[in-house]
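Architecture at a glance
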Amino acid sequence: MYRVTITYNQPTDPAAFDEHYTTKHLPLVRQIPSVKKFAYGKCESLDGNPPAAYGHAQLYFETKKEAGQAFASPEGQNAAADVANFATGGVTMLFSDEETVLP
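Residues numbered from 1 in each chain as written. Predicted model: local features only at pLDDT ≥ 70, side-chain atom pairs only at ≥ 80, totals over all residues. Heavy atoms only, no water.

By size, the foremost hydrophobic cluster in this structure holds 20 residues, and its most contacted members are Val-4, Tyr-8, Phe-17, Tyr-21, Leu-59, Phe-61 and Phe-86. Setting aside anything within four residues of it in sequence, one finds Leu-59 in contact with Tyr-2, Arg-3, Val-4, Ile-6, Val-29, Ile-32, Val-35, Lys-37, Phe-38 and Phe-71. (Core = buried A, V, L, I, M, F, W, Y, C linked by side-chain atoms within 4.5 Å. Buried < 20%, exposed > 50% of the residue type's maximum accessible area, 1.4 Å probe, protein only. Contact = heavy atoms within 4.5 Å.)

The side chains of a regular strand alternate, residue by residue, between the two faces of the sheet. Taken across its nine residues, strand 3 (residues 53-61) has seven buried, putting it largely inside the fold. Across eight bridges, strand 1 (residues 2-9) lies against strand 3 in antiparallel orientation. Looking at strand 3, one finds that Thr-7 is bridged to His-56. As judged from the six bridges shared by strand 2 (residues 37-42) and strand 3, these two strands associate in the antiparallel manner. For Lys-37, the partnering residue across the bridge sits in strand 3 and is Tyr-60. (Helix = DSSP H or I, 4+ residues; strand = E, 2+ residues; numbered from the N terminus. Pairing = 2+ DSSP bridges.)

Before going further, it helps to examine unusual backbone geometry. Of note, the phi angle at Ser-34 is positive, near 70 degrees, even though the residue is not glycine. On the secondary structure map, Ser-34 appears in the loop between helix 1 (14-29) and strand 2. Classification of Ser-34 by relative accessible area gives partly exposed; the value is 33%.

Turning our eyes to something else, we now look at the pattern of salt bridges. Per the counting criterion, the structure on display carries two salt bridges. The salt bridge partner of Glu-98 is Arg-3, with a shortest N-O separation of 2.8 Å. Taken together, the residues Glu-98 in the segment after strand 4 (91-97) and Arg-3 in strand 1 connect sequence positions 95 residues apart. The exposure class of Glu-98 is partly exposed, given its relative accessible area of 27%. When its relative accessible area of 22% is taken as the criterion, Arg-3 is described as partly exposed. A salt bridge links Asp-18 to Lys-42; its shortest N-O distance comes to 2.7 Å. Of this pair, Asp-18 sits in helix 1 while Lys-42 sits in strand 2; the two residues are 24 residues apart in sequence, bridging distant segments of the chain. For Asp-18, a relative accessible area of 23% puts it in the partly exposed group. (Salt bridge = Lys/Arg side-chain N within 4 Å of Asp/Glu carboxyl O.)

Below, the structure is given as structure tokens:
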């Protein structure tokens, strides 16, 4: 599997981020072709301190080529263009081949 991880930094207005993400951005993400799995979660810390990031999204594809084609598609471009509408803290995108080591 090929994984695209999107890290969302702390937004200026978390409530506005959450509202936009769930009502506007997720429907756009659902339209991206070839996504085999999608996961999102808010970051936490084990020691109670504020986490460095607000949340992570992970999109899984069969291959790197599929991921590139998906993000280049009109649906992928629409989702990418929407990020500026809610991710006021900025984002980092990471691309990686996923290899299952355990179990």
